[in-house]
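Letter by letter, the chains look like this.
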Amino acid sequence: MLSKGKLKTTAKVIGVLGAKGGVGATTISINLAAALALTATKEAVSLLDANLQQPDAACLLNCHPRYSLLDLTLRTAIDTEVIAACSENIVLEPAKLANQFRLFSPPLDASQALQVSLADVSRLLGIFKELPGTCVVDLPRSVNLDLVSMFDLCDCIVLVLEPTVTALAAARRWFDVFQDLGIGNDRLVAVLNRSGGKLKEIEKQLSTELNGVRLLRLPNAYEACESASIEGVPVVAKYPRLAFSKAMEDIVSACQRASQDFQKPNFNSASISLGQEK
């Protein structure tokens, strides 16, 4: 397991993608950012919620950000001061203000959210990538050129699954997409959320179909997640001794190994047939 202060956050951008809806990708994004913030020393950790029509990160953190991604996109010039001013600081340990991460959320108002595009988010992510620290981005599931651009900016992509037949089928489709895009297994980490239940045969089948992709299991922590979301606190901060929190540390470590192994492939995204939502 990892100890606080001993982990170097080498990954610049970590993308988190749900194989399908409801697998817990946003919960994992929040706790991944929190785990990074709790182990980082002076580097800034950011969480960018790219689900424009469903800004669940702010809801799960029980906060109402004063500024949103819309405020950033309306700026003609963006620098570190502007980015810091438009963020919502999520403090994990009140006694240690250094242990926090910055949330960048879509507008909670639906009409304002429609004014932000995935192209805007991709452009912002490119700016974030040039800044010190680490950015976790909760990726949308619509396969289009904007998502491909965000994939290209990610040093590591975490694909979140659950042990169900539909999630297994969705995971197969995503692995086909990654292969078509030339995204190698060295950039991928698969996380099996809610592991350890009754569907052991599906878990076993999933393990045999990953073709070399790292697979980490995240135990079911439904009650802890519910309790933490009511208080607006990540599980890793509220329940640091929980098996879920220990497993999140392993996911951080796997993401960093993936980012260190990553050698960016060259591919022509315009030649790929896209447009269908997964």
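Described below are features of the structure shown in this document.

What counts as what
Residues numbered from 1 in each chain as written. Predicted model: local features only at pLDDT ≥ 70, side-chain atom pairs only at ≥ 80, totals over all residues. Heavy atoms only, no water. Buried < 20%, exposed > 50% of the residue type's maximum accessible area, 1.4 Å probe, protein only. Helix = DSSP H or I, 4+ residues; strand = E, 2+ residues; numbered from the N terminus. Pairing = 2+ DSSP bridges. Axes fitted to C-alpha atoms, helices over the stretch in contact; angles between N-to-C directions. Parallel < 35°, antiparallel > 145°, perpendicular 65-115°, else oblique. Contact = heavy atoms within 4.5 Å. Nonpolar A, V, L, I, M, F, W, Y, C, P; charged D, E, K, R; others polar. Core = buried A, V, L, I, M, F, W, Y, C linked by side-chain atoms within 4.5 Å.

With that settled, the discussion passes to the pairing of strand E6 (residues 156-161). Burial runs high along E6: 6 of the 6 residues are buried. Residues Cys-156, Val-158 and Val-160 point to one face of E6 and Ile-157, Leu-159 and Leu-161 to the other, with burial holding for every one of them. Strand direction decides the pairing type here: E6 and strand E7 (residues 188-195), joined by 5 bridges, are parallel. Bridge pairing links Leu-159 to Ala-190 in E7.

Moving on, we get to the pairing of strand E5 (residues 134-138). For E5, the buried fraction is high: 5 of the 5 residues fall into the buried class. Here E5 shows no split at all, with Thr-134, Val-136 and Asp-138 on one side and Cys-135 and Val-137 on the other all buried. Both strand E2 (residues 45-49) and E5 contribute to a ladder of 5 bridges, which runs parallel. Note that in E5 the partner of Ser-46 across the bridge is Cys-135.

With that out of the way, let us pick up the packing of helix H8 (residues 165-180) against helix H9 (residues 200-208). Two numbers describe a pair of packed helices, the interaxial angle and the distance between the axes. Two numbers describe how H8 lies on H9: the axes approach to 10 Å, and their chain directions differ by 10 degrees. Compared by their axis directions, H8 and H9 come out roughly parallel. Here Val-165, Leu-168 and Arg-172 of H8 come into contact with H9, specifically with Ile-202, Gln-205 and Leu-206. A class-by-class count of the residues in the contact of H8 with H9 yields 4 nonpolar, 1 polar and 1 charged.

Another aspect to go through is the environment of Leu-206. Among the secondary structure elements, Leu-206 is positioned in helix H9. Owing to a relative accessible area of 5%, Leu-206 belongs among the buried residues under this scheme. Each C-alpha atom of the pair Leu-206 and Ala-167 lies 9.9 Å from the other, and the pair is 39 residues apart in sequence. Dropping the residues within four chain positions of it, Leu-206 is found in contact with Leu-161, Leu-168 and Leu-192.

What follows is about the nonpolar core. One finds Leu-48, Leu-72, Phe-151, Leu-159, Trp-174 and Phe-178 to be the most contacted residues of the largest nonpolar core, which totals 50 residues. With sequence-adjacent residues up to four places away left out, Leu-72 is seen in contact with Ile-78, Val-82, Ile-83, Cys-86, Phe-104 and Leu-124. Leu-103, Ile-251, Val-252 and Cys-255 belong to the second largest nonpolar core, which has 45 residues in total.

So far we have only geometry, and geometry alone does not tell us how the molecule works.
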